[in-house]
Amino acid sequence: MTRANRAALAATAVARAPAQPLLQVEDTIDRATRHLLSLQAPEGYWVAELEADTTLQAAYILLQLWLYPPGPDGIWDPPTRSRVNKAAHQILSRQLPGGGWQIYPGGSAHANASVKSYVALKIAGLPGREAELEKAKRKILELGGVEAAYSYIKIYLSFFGLYDREKTPTIPPELFLLPKKARFNIYDMSSWTRTMIAPLAILTALRASRPIPAGVEIREIITGREPPKPEFFSWRNLLMCVDEGLKLWEKRGSWLTRRKAINATKKWMFERLENSDGLGAISPPMMNSIMALTELGYGLDHPLLKREIEKFDQLLVEEDDVIRVQPCLSPVWDTAIGSYALGSANPEPHAEVTAALRRAADWLLTKEVRHYGDWSVKNDKAAPGGWYFEFSNEFYPDTDDTAKVLLAMQYARARDPEAQRAAERRAVAWLLSMQSKDGGWAGFDVDNDNQYLTYLPFADHNAMLDPTCADVTGRVLEALCRVGPGRHHAAVWRGVEYLKNTQEEDGSWSGRWGVNYIYGTCFALRGLRAAEEDEREPYIIRAGEWLRSIQNSDGGWGETCASYDDPRLKSEGESAPSQTAWGLMGIFAAGDYHSDSVEAGIQYLLSNQNADGSWDEDAWTGTGFPRVIYLRYHLYGQYFPLMALGAYKEWLRGQ
């Protein structure tokens, strides 16, 4: 469907839907407000399930095999057998008719998800599933076999003797001996990569392994095909040669040096296990750290290992017959967005909203970062401040959560006003210090953009770096202009220039942490609006026109995760409440509250609200790592429509 046809259909929808009166909008907001209030925890936070693909359930099964290996007879009967079966049932429930597994609903079979899910099912050993496994085997071979999976998968398989360890990339613990000020060190990698490789370096250096249940093998999905050779004069070839040298070092190098490196890596990891929901507070590093602790001599009855296993188990969502494993918990993020939505949609709040926002502000103040973390290595002159994403993750505050909390605190007022003002001042100062050289903001680090690292053999997970992005930059600009120093600050000017320089030719911006161009364009425009950029500027007009041009015929907006693979699909996708809200808020930020597109979008939200004030949303509109892992935030369909309708109500009142 062409953009012209899409716009025409949207206009037709408008012709059937008269402009909505203020009372109807207010009634919808009131029901949405009461629904959101009902979901707040007594402590003051909001948190909802964060859903990802079946690779996390597969990882859970592998972890249980690691912790509770089969006996000498090869029979595997772990004490967690019930949960293993439930994880396997969840994997089977997501298998595609063609045999593979996808990484987001509507996507095609993905090699990584398919290989990991297949292996986990074979290990789980559910009887009567031969037909499903046979279909999966055929699809995996069609996708390229185990060889087509990411390096981390191959490393895991090698621990169980299912893949040749010599064919996996080397992750040397000696990386953690490199000085922080060295030309290259671990802090040149993204924060999540650092937490992933630390325990893996320990495991590979100690040649860790576990047996598998009798009769389990995966030779049938190993093709034996060698990867294509890179160009001789290339970063990839150079780093592959380095990897070969490291393999030789593993065999013939100094054991004293290696022992020192293992101890340094252990120390680094142990420091980050404290004041945290687990290493990095995200599922894969948490799993890796548990495995590493067992190899370092910590038994299942040791308090440290028991604590880390308990933290990992908190990620489980267990139902009657299935288990879903969350990649992490999102209470600070959920609470910041929920508070902002409630406050902005209820500028004259009733007592219940005021009390809820006060509880939220009090809780958020307890989560402020007051210690130096990894971010301070490249940003050593700044004092701590800001917020992280999870319940506890002191080493890893991020700019996106910090900006959103600051915006929420415009409405959420704590019982201790001075403590709140002090926290806000520290957060603003920290945000200013986190601006990268190009004028933008990344998630966790400054200037984390050494592209040659993406050619490392274990960098095929597409998340080696933490580059600046439009969506985070836009949100930080909004916070700095509304809560911080204002539009005349030099950092704001540089941020505005960054957004101008990163805009796509069609007027859109890509989104790093949300799907995708709708998300990026919405929050880039909101930042520019807060910086008081003139809505008559051609680039602002172009962005608004692009949003209107991709509106669906039902009045909503939608975008598929596939747009990360093929940007031509950025205008494709079924309408979803969260993405519709992003489309509307982007158009509002471009100065348009009264076009046919706005009327159609508002009508979509009004007509799709449930009686209890909620919206149904099954779409996966969150991004973990583009092309690797996507997320379904179970409350995105509640927060963002409330925010959009609140902004529209404010405009209606002004009319």
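See the structure above.
This write-up is about the structure you can find in this document. (Residues numbered from 1 in each chain as written. Predicted model: local features only at pLDDT ≥ 70, side-chain atom pairs only at ≥ 80, totals over all residues. Heavy atoms only, no water.)

1. A look at the sheet that holds strand E5 (residues 629-633)
Adjacent strands of a sheet pair through backbone hydrogen bonds, lying either parallel or antiparallel.
No. 1: With antiparallel pairing, three strands are arranged side by side in an open sheet as E1-E5-E4. Each edge of the open sheet is held by one strand with a lone partner, namely strand E1 (50-51) and strand E4 (622-625).
No. 2: As paired strands, E4 and E5 are joined by three bridges and run antiparallel to one another. Bridging from a neighbouring strand, Thr623 pairs with Tyr630 of E5. (Pairing = 2+ DSSP bridges. Helix = DSSP H or I, 4+ residues; strand = E, 2+ residues; numbered from the N terminus.)

2. Remarks on the pattern of salt bridges
Two side chains that carry opposite charge are able to pair once their charged atoms sit near each other.
No. 1: For the structure shown, the criterion picks out 48 salt bridges.
No. 2: Among the ionic pairs, Glu271 bridges to Lys267, the shortest N-O distance being 2.8 Å. Pair noted here: Glu271 and Lys267 are both in helix H10 (residues 255-273), with a separation of four residues, about one helical turn.
No. 3: Among the salt bridges present, the one from Glu478 reaches Arg482, with a minimum N-O distance of 3.7 Å. In this pair, Glu478 and Arg482 both sit in helix H18 (residues 470-482), four residues apart, roughly one turn of the helix.
No. 4: A network of salt bridges, in which partner residues are shared, links Arg194, Lys267, Glu271, Arg272, Asp374 and Asp445. (Salt bridge = Lys/Arg side-chain N within 4 Å of Asp/Glu carboxyl O.)

3. Quick look at the environment of Asn501
No. 1: Its place among the elements puts Asn501 in helix H19 (residues 490-502).
No. 2: Overall, Asn501 belongs to the exposed group, its relative accessible area being 62%.
No. 3: In this structure, the C-alpha to C-alpha distance between Asn501 and Asp438, residues 63 residues apart in sequence, is 9.7 Å. (Buried < 20%, exposed > 50% of the residue type's maximum accessible area, 1.4 Å probe, protein only.)

4. Considerations on the nonpolar core
No. 1: Judged by nonpolar contacts, the single largest core of 214 residues is most densely connected at Ile61 and Phe640.
No. 2: Among all residues touching Phe640, those that are not within four sequence positions of it are Ile337, Phe523, Ser578, Ala581, Trp582 and Met585. (Core = buried A, V, L, I, M, F, W, Y, C linked by side-chain atoms within 4.5 Å. Contact = heavy atoms within 4.5 Å.)

5. Remarks on the side chain of Thr54
No. 1: Along the chain, Thr54 falls in the loop between E1 and helix H3 (55-67).
No. 2: Looking at Thr54, the relative accessible area reads 2%, which means it is buried.
No. 3: A distance of 2.9 Å separates polar atoms of two side chains, one belonging to Thr54 and the other to Ser117.
No. 4: In this structure Thr54 touches Gln90, Ile91, Arg94, Trp101, Ala113 and Ser117, once residues within four positions along its chain are discounted. (Polar contact = N/O pair within 3.5 Å; in protein donor to acceptor, adjacent residues only side chain to side chain.)

6. Some thoughts on the packing of aromatic side chains
No. 1: Tallying each qualifying case throughout the model produces 28 aromatic pairs.
No. 2: Where Tyr45 meets Trp363, the ring centres are 5.1 Å apart and the plane angle is 45°; that geometry is what we call tilted. Taken as a pair, Tyr45 in the loop between helix H2 (22-38) and E1 and Trp363 in helix H14 (residues 351-365) lie far apart in primary sequence, 318 residues in all. The same class applies to Tyr45 and to Trp363, which are both buried.
No. 3: Every member of this aromatic cluster is reached through a ring pair, and the members are Tyr519, Phe523, Trp582, Tyr633, Tyr636 and Phe640.
No. 4: The residue whose ring lies beneath Lys266 is Phe270, and the NZ or CZ to ring-centre distance is 5.4 Å.
No. 5: Lying across the ring of Phe523, Arg475 places its NZ or CZ 4.4 Å from the centre. (Phe/Tyr/Trp six-rings, centres within 6.5 Å; stacked < 30°, edge-to-face > 60°. Lys NZ or Arg CZ within 6 Å of the ring centre and 35° of its normal.)

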